[in-house]
Amino acid sequence: MQRHIYNCSDGCPVESTLQIISGKWKSVIIYHLIKNKVCRFSELQKRMPNCSRRMLSLQLSELEKDKIIEKKIYPVIPPKTEYKLTRFGQTLTPLIIEMEKWGRTYNTINLEEN
């Protein structure tokens, strides 16, 4: 994804953040890496059963390109690949944890009563 630096009215920093974490699975990948520190591709696949292999690979590649995660490939057979957050990626932890809290609250409320 082409990186854009937004330098304009209020709300643009939000656009900059969404540029990195948008995509159905990116925030979920980051969440699992926060909770587990290091994950293999197969572990992420198990934790995200509704995400196709192709989509997971694409989202991981984009996060790696954006310097949010780093990938380590071990020279073994079968290949072993691990992912972890970079120091820069770790700065997203408070945001993702707040998203987790909000999601838990949302999942417990009855929207029809409000």
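Rules used in this analysis
- Residues numbered from 1 in each chain as written.
- Predicted model: local features only at pLDDT ≥ 70, side-chain atom pairs only at ≥ 80, totals over all residues.
- Heavy atoms only, no water.
- Helix = DSSP H or I, 4+ residues; strand = E, 2+ residues; numbered from the N terminus.
- Buried < 20%, exposed > 50% of the residue type's maximum accessible area, 1.4 Å probe, protein only.
- Contact = heavy atoms within 4.5 Å.
- Areas by Shrake-Rupley, 256 points an atom, 1.4 Å probe, with all protein chains shown as cover.
- Pairing = 2+ DSSP bridges.
- Axes fitted to C-alpha atoms, helices over the stretch in contact; angles between N-to-C directions.
- Parallel < 35°, antiparallel > 145°, perpendicular 65-115°, else oblique.

Draft legend 1. Geometry of the overall build of the protein chain. Within the protein chain, the secondary structure is distributed over six helices and three strands. In the protein chain, buried positions account for 30% of the 114 residues. Pairs at least 24 residues apart make up 49% of the contacts formed inside the protein chain by residues separated by at least 6 positions. Carbon together with sulfur atoms contributes 54% to the accessible area of the protein chain, which is approximately 8,300 Å² in total.

Draft legend 2. Structural detail: the sheet that holds strand β2 (residues 69–74). One open sheet accounts for three strands, arranged β1-β3-β2; its pairing is antiparallel. Of all strands in the sheet, those with a lone pairing partner are β1 (38–40) and β2, marking the two edges. Across the sheet, the axes of successive neighbouring strands diverge by a mean angle of 25°, strand direction being ignored. Note: β2 against strand β3 (residues 80–85), six bridges, orientation antiparallel. Bridge pairing links Lys-71 to Tyr-83 in β3.

Draft legend 3. Layout of helix α2 (residues 26–36). Of all the residues in α2, the buried ones are Lys-26, Ser-27, Ile-29, Ile-30, His-32, Leu-33 and Ile-34. Positive phi appears at Lys-37, one or two residues downstream of α2, with a value of about 65°.

Draft legend 4. Structural view of the pairing of β3. As defined by bridge partners, β1 adjoins β3 across three bridges and the pair is classed as antiparallel. Pairing of Cys-39 across the sheet is with Tyr-83, part of β3. As consecutive antiparallel partners, β2 and β3 are separated by five residues.

Draft legend 5. Fine view of the packing of α2 against helix α4 (residues 53–65). Closest axis-to-axis distance for the α2/α4 pair is 10 Å, and the angle between their directions is 75°. One way to sum up the angle between α2 and α4 is to call them roughly perpendicular. For the pair formed by α2 and α4, the contact residues are Lys-26, Ile-29 and Ile-30 on the first element and Leu-56, Gln-59, Leu-60, Glu-62 and Leu-63 on the second.

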